[in-house]
Amino acid sequence: MGKTLNDILEVASSYITSEESLNIIRKAHEIAVKMHEGQFRKSGDPYVQHPIEVAYILATMDTGPVTIAAGLLHDVLEDTDMTKEQMEEMFGQEVTQIVDGVTKISKLKYMTKEEVNYLIDRQYKPEEFLNYFGIEGFTIYKLDWYNHAKNIENYQVFLSII
């Protein structure tokens, strides 16, 4: 059985004491479930189980409620019809920026080497490149791949990108 919202809250409440902060996580879970309704993984599991697993790992890393909420929502902009504006209205700029950072990183795999080099060489100094995505977005992206890798036979795919 996969992780649940209660599992996330049990871990997070050990270091997040504000009920308001825990409610951000609850709301993100609610929206993730709603937006991924009817989506399934190849295994047949509901797709939303994947972001729940990512958010649980984030909670075990003692990340804050904004990062956990972004973990729950990390595929919503990319895989559903929710817009950045709608997400920002519901969750604020910080959560939306992290989710948008994850989406930007995931688009890198479709860019040519020249396009990526342009981002690095022309638009951002190497030390600023991570800021383009945000450290939280980068962390969620890596956990996203980790969770996918656990569910595929070739675990080497994950190891090659870390």
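All values reported here derive from a predicted model rather than from experimental measurement. (Residues numbered from 1 in each chain as written. Predicted model: local features only at pLDDT ≥ 70, side-chain atom pairs only at ≥ 80, totals over all residues. Heavy atoms only, no water.)

Moving on: the confidence of the model for the chain. With 69% of its residues at a pLDDT of 70 or more, the chain shows a mean pLDDT of 82. Note that pLDDT drops below 50 for residues 153-159; the model gives that stretch 8 contacts with residues more than four away or on any other chain. (pLDDT = per-residue confidence, 0-100. Contact = heavy atoms within 4.5 Å.)

Moving on: the side chain of Ser21. Within the secondary structure, Ser21 is located in helix 2 (residues 19-35). Residue contacts for Ser21: discarding those within four places in its chain leaves Ile16 and Pro65. (Helix = DSSP H or I, 4+ residues; strand = E, 2+ residues; numbered from the N terminus.)

Looking at the element boundaries, Gln49 is found in helix 3 (residues 49-60). Between the alpha carbons of Gln49 and Ala32 there is a distance of 9.6 Å; along the sequence they are 17 residues apart. Setting aside chain neighbours within four positions, we find Gln49 in contact with Gly2 and Lys3.

The next thing to look at is unusual backbone geometry. Despite not being glycine, Asp62 shows a phi value in the positive range, around 60°. Mapped onto the elements of the fold, Asp62 is located in the loop between helix 3 and helix 4 (65-73).

Counted according to the given criterion, the structure contains 0 aromatic pairs. Over the ring of Phe91 we find Lys27; its NZ or CZ atom is 5.2 Å from the centre of that ring. (Phe/Tyr/Trp six-rings, centres within 6.5 Å; stacked < 30°, edge-to-face > 60°. Lys NZ or Arg CZ within 6 Å of the ring centre and 35° of its normal.)

Let us look at helix 1 (residues 5-12). Within the sequence span of helix 1, burial applies to Leu5, Ile8, Leu9 and Ala12. The buried residues of helix 1 occupy an angular sector of 95° when projected down its axis, which confines them to one face. Projecting away from the buried face of helix 1 at angles above 90 degrees are the exposed residues Asn6 and Glu10. For helix 1, the elements touching its buried residues are helix 2, helix 3 and helix 4. (Buried < 20%, exposed > 50% of the residue type's maximum accessible area, 1.4 Å probe, protein only. Arc of directions from axis to C-beta.)

This paragraph deals with the environment of Glu94. Looking at the secondary structure, you find Glu94 in helix 6 (residues 84-108). Glu94 sits in the partly exposed class, given a relative accessible area of 49%.

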